[in-house]
Amino acid sequence: MPQIYSNIDLFEKVLDALWLRNEVISNNIANVNTPGFKSSSVVFEDILKKEIEEKGTGIKGYITHNKHIPIGKKGLMDIRPQVVINKNTALRNDGNNVDIDNEMAQLTKNTLKYNSIVQLVMKEFSILKNIVNEGRR
Amino acid sequence: MKMFHSIDISASGLTAERLRMDIISNNIANVNSTRTENGEPYRRQIPVFQERGRSFGDILSDKQWRMQKRGVRVVGIRQDTSPFKLVFDPHHPDADENGYVRLPNVNIVTEMVDMISASRGYEANVTAINSAKNMAMKALEIGRI
């Protein structure tokens, strides 16, 4: 039987990553007029997809003591969003490479994603509540 | 990763763009000022923006992209050192012996373009704040089933 909160834990990870992405996009937008600024982006979905596809393959060392070094593949709960700085492009003469249209589109997309994941968490909780109540209202 | 970092970051952008707008207004207001305290015509002012980066200690202690002290910072207001405009106007009280007046090095077209850029930047930051607010409000709904 799977863990009762495993879905919610996963959603929590995704929400954290989306929140971080919101901060990174805010930072890009705040620096839209800063000469030489290079924009950053968050890589998360690809890492999560790779992790889910490789689920059950590979070995992972158990950690039974807090001074143990984790070995082997990472679990779903150990993945972290990565912040990548886009250093290779320059959009303007002052070296700034913030594409404001793209940033605004990403911002909207990110908010929608966040709201839909929150919706899923709420759904998950309502299912659990239904189970706890044995299906009664 | 703190809850209100996004809003703080965008607020720093708002502050910077508003300061830029103030300076542009000052430049436009002084487009014909031939006298200042130091005897020269008015020099165009330019705000200098810098990303609020990580300190060396932050990088040493943690490789993760920490959201401490992010955003944009105005490091100073510099003067445009380009030459003044020379206009032939012998009746002007500030004209030199050849009849030329030195006018400020403010180009009104450049200022207008900068003004549009500053105001669009301001709007973008407001949108970012609104979206962070929406996300936070939505997250509050999790507890309410």
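Residues numbered from 1 in each chain as written. Chains lettered and ligands numbered in written order. Predicted model: local features only at pLDDT ≥ 70, side-chain atom pairs only at ≥ 80, totals over all residues. Heavy atoms only, no water.

Participant: Let's hear about the overall build of chain A: which residues, and what values?
Facilitator: Counting its secondary structure elements, chain A contains three helices and two strands. Its helices and strands in sequence order give chain A the pattern α-β-α-β-α, from N to C terminus. Since a compact globule built from 137 residues should have a radius of gyration of about 14 Å, the 20 Å found for chain A marks it as more spread out than a globular shape. The C-alpha extent of chain A, read off along each of the three principal axes, is 65 × 45 × 25 Å. When burial is assessed residue by residue, chain A has 36% of its 137 residues classed as buried. Put simply, of all contacts in chain A between residues at least 6 apart along the chain, 74% involve residues at least 24 apart. (Helix = DSSP H or I, 4+ residues; strand = E, 2+ residues; numbered from the N terminus. Rg over C-alpha atoms; globule rule 2.2 N^0.38 Å. Buried < 20%, exposed > 50% of the residue type's maximum accessible area, 1.4 Å probe, protein only. Contact = heavy atoms within 4.5 Å.)

Participant: Break down the side chain of asparagine 96 of chain A for me, citing the residues and quoting the values.
Facilitator: Residues and elements named next belong to chain A. Position of asparagine 96 relative to the elements: it lies in the loop between strand 2 (82-85) and helix 3 (100-132). Reaching out from asparagine 96, the side chain makes a polar contact with the backbone oxygen of valine 32 at a distance of 3.3 Å. A distance of 2.8 Å separates the side chain of asparagine 96 from the backbone nitrogen of valine 98, its partner in a polar contact. With near-sequence residues (within four places) excluded, asparagine 96 lies in contact with Asn31, Val32, Asn33, Thr34, Gly36, Phe37, Ala90 and Leu91. (Polar contact = N/O pair within 3.5 Å; in protein donor to acceptor, adjacent residues only side chain to side chain.)

Participant: Please give an account of the interface of chain B and chain A that cites residues and values.
Facilitator: Contact with chain B, which involves 38 residues of that partner, is made by 36 residues of chain A. Taken over both partners, the interface formed by chain B and chain A buries close to 2900 Å², and the fraction arising from carbon and sulfur atoms is 66%. Taken together, the links from chain B to chain A amount to seven residue pairs in polar contact (both at pLDDT 80 or more). Among the elements of the structure, helix 1 (5-29), strand 1 (45-51) and helix 3 (108-140) of chain B are those that each provide at least two residues to the side of chain B that touches chain A. (Buried area = accessible area lost by both parts, 1.4 Å probe.)

Participant: An account of the side chain of threonine 34 of chain B is requested, with residue identities and associated values reported.
Facilitator: All names here are of chain B. Relative to the assigned elements, threonine 34 resides in the loop between helix 1 and strand 1. At a separation of 2.7 Å, a polar atom in the side chain of threonine 34 contacts the side chain of aspartate 94. Aside from chain neighbours lying at most four places away, what touches threonine 34 is Glu40, Pro41, His92, Asp94, Val101, Arg102 and Leu103.

Participant: Explain helix 1 (residues 6-30) of chain A to me, using residue names and the numbers behind them.
Facilitator: With 25 residues, helix 1 of chain A ought to run about 36 Å at 1.5 Å a step, and its terminal C-alpha atoms sit 36 Å apart, in line with that. Where burial is concerned, most of helix 1 of chain A is hidden: 19 out of the 25 residues are buried. (Expected span 1.5 Å × (residues − 1).)

Participant: Mind laying out the UniProt feature "domain: Flagellar basal body rod protein N-terminal" (unreviewed entry) in chain A, listing which residues take part and the relevant values?
Facilitator: UniProt annotation of "domain: Flagellar basal body rod protein N-terminal" (unreviewed entry) refers to residues 23-38 of chain A when read in the numbering used here. The span residues 23-38 of chain A carries 50% helix and 0% strand; its end-to-end C-alpha distance comes to 15 Å. (UniProt positions renumbered as here; feature names shortened; annotations may be inferred.)

Participant: Now, about the packing of helix 1 of chain A against helix 3 of chain A: what can you tell me, with residues and values included?
Facilitator: A pair of packed helices can be characterised by two numbers: the angle between their axes and the separation between those axes. All names here are of chain A. Where helix 1 meets helix 3, the axes come as close as 9 Å, and the angle between the chain directions of the two elements is 160°. When the axes of helix 1 and helix 3 are compared, the pair comes out roughly antiparallel. The two elements helix 1 and helix 3 cross, and the hand of that crossing is left-handed. Each residue belonging to the contact of helix 1 with helix 3 can be placed in one class, and the counts come to 18 nonpolar, five polar and four charged. (Axes fitted to C-alpha atoms, helices over the stretch in contact; angles between N-to-C directions. Parallel < 35°, antiparallel > 145°, perpendicular 65-115°, else oblique. Left-handed = near helix turned anticlockwise from the far one by under 90°. Nonpolar A, V, L, I, M, F, W, Y, C, P; charged D, E, K, R; others polar.)

Participant: So what's going on with the pattern of salt bridges? Which residues, and what values?
Facilitator: In a structure, side chains of opposite charge can pair up when their charged atoms sit close to one another. Residues and elements named next belong to chain B. For the structure on display, the rule yields 14 salt bridges over all chains. With a shortest N-O distance of 3.9 Å, aspartate 114 and arginine 20 are connected by a salt bridge. One end of the pair, aspartate 114, is in helix 3; the other, arginine 20, is in helix 1, with 94 residues separating them in the sequence. Here glutamate 40 makes a salt bridge to arginine 43, at a shortest N to O gap of 3.7 Å. The class for glutamate 40 is partly exposed, based on a relative accessible area of 24%. Taking relative accessible area as the criterion, arginine 43 reaches 19% and is therefore assigned buried. (Salt bridge = Lys/Arg side-chain N within 4 Å of Asp/Glu carboxyl O.)

Participant: Explain the UniProt feature "domain: Flagellar basal-body/hook protein C-terminal" (unreviewed entry) in chain B to me, using residue names and the numbers behind them.
Facilitator: Per the UniProt entry, the sites bearing "domain: Flagellar basal-body/hook protein C-terminal" (unreviewed entry) are residues 98-141 of chain B in this numbering. Helix and strand shares over residues 98-141 of chain B are 75% and 9% respectively, and the end C-alpha atoms of the span are 75 Å apart.

Participant: Give me a nonpolar patch on the surface: which residues, what numbers.
Facilitator: Residues and elements named next belong to chain B. On the surface, Ile108, Val109, Met112 and Val113 cluster together to form a nonpolar patch covering roughly 340 Å² of accessible area. With respect to the secondary-structure elements, valine 109 resides in helix 3. Given a relative accessible area of 54%, valine 109 falls into the exposed group. (Patch = residues over 30% accessible without salt bridge, like charges linked within 9 Å, V, L, I, M, F, W, Y side chains within 5 Å. Areas by Shrake-Rupley, 256 points an atom, 1.4 Å probe, with all protein chains shown as cover.)

Participant: Please provide a residue-by-residue account of the packing of aromatic side chains, values included.
Facilitator: Within the structure shown, the criterion is met by two aromatic pairs over all chains. Ring centres of tryptophan 19 of chain A and tyrosine 114 of chain A lie 5.7 Å apart, and the angle between their planes is 55°; this geometry places the pair in the tilted category. Residue tryptophan 19 of chain A is located in helix 1, and its partner tyrosine 114 of chain A is located in helix 3; the two are separated by 95 residues in the primary sequence. According to the relative accessible area criterion, tyrosine 114 of chain A is buried, its value standing at 6%. Aromatic pair phenylalanine 88 of chain B and tyrosine 100 of chain B: ring centres 5.3 Å apart, planes at 65°, arrangement edge-to-face. Of this pair, phenylalanine 88 of chain B sits in strand 3 (residues 85-88) while tyrosine 100 of chain B is found in strand 4 (residues 100-103), placing the two residues twelve residues apart along the sequence. (Phe/Tyr/Trp six-rings, centres within 6.5 Å; stacked < 30°, edge-to-face > 60°.)

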